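# Examination of the molecular architecture
Here's the letter readout for the chains.
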Amino acid sequence: QVQVVESGGGAVQPGGSLRLSCAASGSVSSIVTMGWHRQAPGKQRELVATIRSGGSTSYVDSVKGRFTISRDNAKNTAYLQMNSLKPEDTAVYYCNSVLLTTSGYVASYWGQGTQVTVSS
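Residues numbered from 1 in each chain as written. Predicted model: local features only at pLDDT ≥ 70, side-chain atom pairs only at ≥ 80, totals over all residues. Heavy atoms only, no water.

Along the backbone of the chain there are zero helices and 11 strands. Seen in sequence order, the chain has helices and strands lined up from the N terminus as β-β-β-β-β-β-β-β-β-β-β. On C-alpha atoms alone, the chain measures out to a radius of gyration of 14 Å, which is about the 14 Å that the 2.2 N^0.38 rule sets for 120 residues. Summarising its shape, the C-alpha atoms of the chain cover approximately 45 × 25 × 25 Å along the three principal directions. Across the 120 residues of the chain, 42% fall into the buried class. Summing over all exposed atoms, the chain offers an accessible surface of approximately 6000 Å²; the carbon and sulfur share of this is 48%. Charge separation in the chain, taken as the distance between the mean sites of 10 positive and 6 negative side-chain charges, equals 3 Å. (Helix = DSSP H or I, 4+ residues; strand = E, 2+ residues; numbered from the N terminus. Rg over C-alpha atoms; globule rule 2.2 N^0.38 Å. Buried < 20%, exposed > 50% of the residue type's maximum accessible area, 1.4 Å probe, protein only. Areas by Shrake-Rupley, 256 points an atom, 1.4 Å probe, with all protein chains shown as cover. Lys, Arg positive; Asp, Glu negative; His and termini not counted. Charge placed at Lys NZ, Arg CZ, Asp CG, Glu CD.)

What follows is the structure, encoded as C-alpha coordinates:
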(Lines give C-alpha, C1' and ligand atoms only; values in the text may rest on other atoms or scores of the structure.)
Protein backbone atom coordinates (compact mmCIF):
# COMPACT_ATOMS: atom_id res chain seq x y z
CA GLN A 1 0.00 0.00 0.00
CA VAL A 2 0.98 3.60 -0.56
CA GLN A 3 0.28 6.55 1.70
CA VAL A 4 0.57 10.21 0.76
CA VAL A 5 0.49 12.60 3.69
CA GLU A 6 0.55 16.39 3.61
CA SER A 7 1.56 18.66 6.47
CA GLY A 8 2.39 22.29 7.12
CA GLY A 9 -0.88 24.09 6.54
CA GLY A 10 -2.22 26.74 8.85
CA ALA A 11 -3.34 30.34 9.18
CA VAL A 12 -1.13 33.26 8.20
CA GLN A 13 -1.51 36.97 7.55
CA PRO A 14 -1.25 38.40 4.04
CA GLY A 15 2.37 38.67 3.02
CA GLY A 16 3.35 35.76 5.21
CA SER A 17 4.89 32.41 4.32
CA LEU A 18 4.14 28.74 4.80
CA ARG A 19 5.89 25.56 3.72
CA LEU A 20 3.87 22.48 2.88
CA SER A 21 5.32 18.98 2.86
CA CYS A 22 4.09 15.87 1.07
CA ALA A 23 5.55 12.49 1.88
CA ALA A 24 4.86 9.26 -0.02
CA SER A 25 5.53 6.07 1.88
CA GLY A 26 4.85 2.36 1.77
CA SER A 27 5.21 0.36 -1.44
CA VAL A 28 7.03 3.12 -3.33
CA SER A 29 9.76 2.27 -5.80
CA SER A 30 10.25 5.73 -7.29
CA ILE A 31 8.41 8.98 -7.79
CA VAL A 32 7.47 10.10 -11.31
CA THR A 33 5.85 13.43 -10.53
CA MET A 34 4.55 15.22 -7.48
CA GLY A 35 2.10 18.05 -7.69
CA TRP A 36 0.23 20.44 -5.47
CA HIS A 37 -3.40 21.25 -6.19
CA ARG A 38 -5.78 23.49 -4.28
CA GLN A 39 -9.49 23.90 -3.95
CA ALA A 40 -11.15 27.01 -2.56
CA PRO A 41 -14.78 26.97 -1.38
CA GLY A 42 -17.14 26.99 -4.35
CA LYS A 43 -14.33 26.63 -6.87
CA GLN A 44 -12.88 23.80 -8.89
CA ARG A 45 -9.65 22.16 -7.87
CA GLU A 46 -6.70 23.67 -9.71
CA LEU A 47 -3.15 22.51 -10.30
CA VAL A 48 -0.75 24.89 -8.57
CA ALA A 49 2.69 23.41 -9.10
CA THR A 50 4.34 20.25 -10.42
CA ILE A 51 7.82 18.80 -10.16
CA ARG A 52 8.91 15.95 -12.42
CA SER A 53 11.43 13.19 -11.96
CA GLY A 54 14.13 15.15 -13.78
CA GLY A 55 13.53 18.17 -11.57
CA SER A 56 11.68 20.37 -14.02
CA THR A 57 8.89 22.43 -12.51
CA SER A 58 5.80 24.27 -13.64
CA TYR A 59 3.41 26.68 -11.93
CA VAL A 60 0.03 28.23 -12.46
CA ASP A 61 0.44 31.89 -13.41
CA SER A 62 -1.13 33.19 -10.20
CA VAL A 63 1.67 31.79 -8.01
CA LYS A 64 4.71 32.30 -10.24
CA GLY A 65 7.44 34.16 -8.40
CA ARG A 66 5.83 33.47 -5.03
CA PHE A 67 5.67 29.68 -4.70
CA THR A 68 8.52 27.21 -5.14
CA ILE A 69 8.12 23.45 -5.43
CA SER A 70 11.03 21.17 -4.60
CA ARG A 71 11.63 17.52 -3.78
CA ASP A 72 13.89 15.24 -1.80
CA ASN A 73 14.09 12.01 -3.78
CA ALA A 74 15.73 10.10 -0.94
CA LYS A 75 12.75 10.86 1.29
CA ASN A 76 10.06 10.61 -1.43
CA THR A 77 8.97 14.02 -0.25
CA ALA A 78 7.95 17.20 -2.04
CA TYR A 79 7.70 20.67 -0.59
CA LEU A 80 5.79 23.80 -1.53
CA GLN A 81 7.34 27.00 -0.21
CA MET A 82 4.69 29.70 -0.32
CA ASN A 83 5.79 33.31 0.11
CA SER A 84 3.95 36.61 -0.17
CA LEU A 85 0.69 34.85 0.51
CA LYS A 86 -2.55 36.52 -0.49
CA PRO A 87 -6.12 35.99 0.73
CA GLU A 88 -6.92 34.41 -2.62
CA ASP A 89 -4.43 31.64 -1.82
CA THR A 90 -6.83 30.41 0.85
CA ALA A 91 -7.81 26.84 0.01
CA VAL A 92 -7.37 23.23 0.90
CA TYR A 93 -4.09 22.12 -0.64
CA TYR A 94 -3.80 18.55 -1.89
CA CYS A 95 -0.70 16.64 -2.89
CA ASN A 96 -0.82 14.23 -5.81
CA SER A 97 1.95 11.73 -6.39
CA VAL A 98 2.37 9.66 -9.55
CA LEU A 99 4.76 6.90 -8.65
CA LEU A 100 6.11 3.48 -9.52
CA THR A 101 5.09 0.95 -6.91
CA THR A 102 7.20 -1.98 -5.80
CA SER A 103 4.71 -4.18 -7.66
CA GLY A 104 5.82 -2.59 -10.90
CA TYR A 105 2.88 -0.45 -11.89
CA VAL A 106 2.48 3.32 -12.09
CA ALA A 107 -0.39 4.83 -10.16
CA SER A 108 -1.64 8.17 -8.86
CA TYR A 109 -2.24 8.81 -5.19
CA TRP A 110 -3.79 11.75 -3.34
CA GLY A 111 -3.21 13.02 0.15
CA GLN A 112 -5.99 14.03 2.50
CA GLY A 113 -5.44 17.76 2.10
CA THR A 114 -4.22 20.52 4.37
CA GLN A 115 -5.96 23.85 4.98
CA VAL A 116 -4.20 27.11 4.20
CA THR A 117 -5.93 30.28 5.37
CA VAL A 118 -4.60 33.74 4.56
CA SER A 119 -6.40 36.45 6.46
CA SER A 120 -5.74 39.56 8.47
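Still to come is the rest of the account.
Applying the stated criterion to the full structure yields four salt bridges. D89 is paired through a salt bridge with R38; the nearest N and O atoms lie 3.0 Å apart. Residue D89 is found in the loop between strand 8 (77–82) and strand 9 (91–101), and its partner R38 is found in strand 4 (residues 28–39); the two are separated by 51 residues along the sequence. This pair shows no difference in class: D89 is buried, exactly as R38 is. A salt bridge links R66 to D89, with the shortest nitrogen-to-oxygen separation between them at 2.7 Å. Taken together, the residues R66 in the loop between strand 6 (57–59) and strand 7 (67–72) and D89 in the loop between strand 8 and strand 9 connect sequence positions 23 residues apart. No difference in accessibility class separates R66 from D89, as the two residues are buried. Taken together, the shared-partner salt bridges connect R38, E46, R66 and D89 into one network. (Salt bridge = Lys/Arg side-chain N within 4 Å of Asp/Glu carboxyl O.)

Before going further, it helps to examine the sheet that holds strand 3 (residues 18–26). If you trace the four strands from one edge of the open sheet to the other, you get 1-3-8-7, paired in antiparallel fashion. Edge positions in the sheet fall to strand 1 (2–7) and strand 7, since each of these pairs with one other strand and no more. Across the sheet, the mean angle separating the axes of adjacent strands is 15 degrees when strand polarity is ignored. Pairing of strand 7 with strand 8, which is carried by six bridges, proceeds in the antiparallel orientation. Each residue of the ladder has a partner; that of S70, found in strand 8, is Y79. (Pairing = 2+ DSSP bridges. Axes fitted to C-alpha atoms, helices over the stretch in contact; angles between N-to-C directions.)

Below, the discussion takes up the environment of P14. Mapped onto the elements, P14 comes out in the loop between strand 2 (10–12) and strand 3. Of the residues examined, P14 reaches a relative accessible area of 41% and is grouped as partly exposed. Apart from residues lying up to four places away in sequence, P14 is in contact with L85, P87, V118, S119 and S120. (Contact = heavy atoms within 4.5 Å.)

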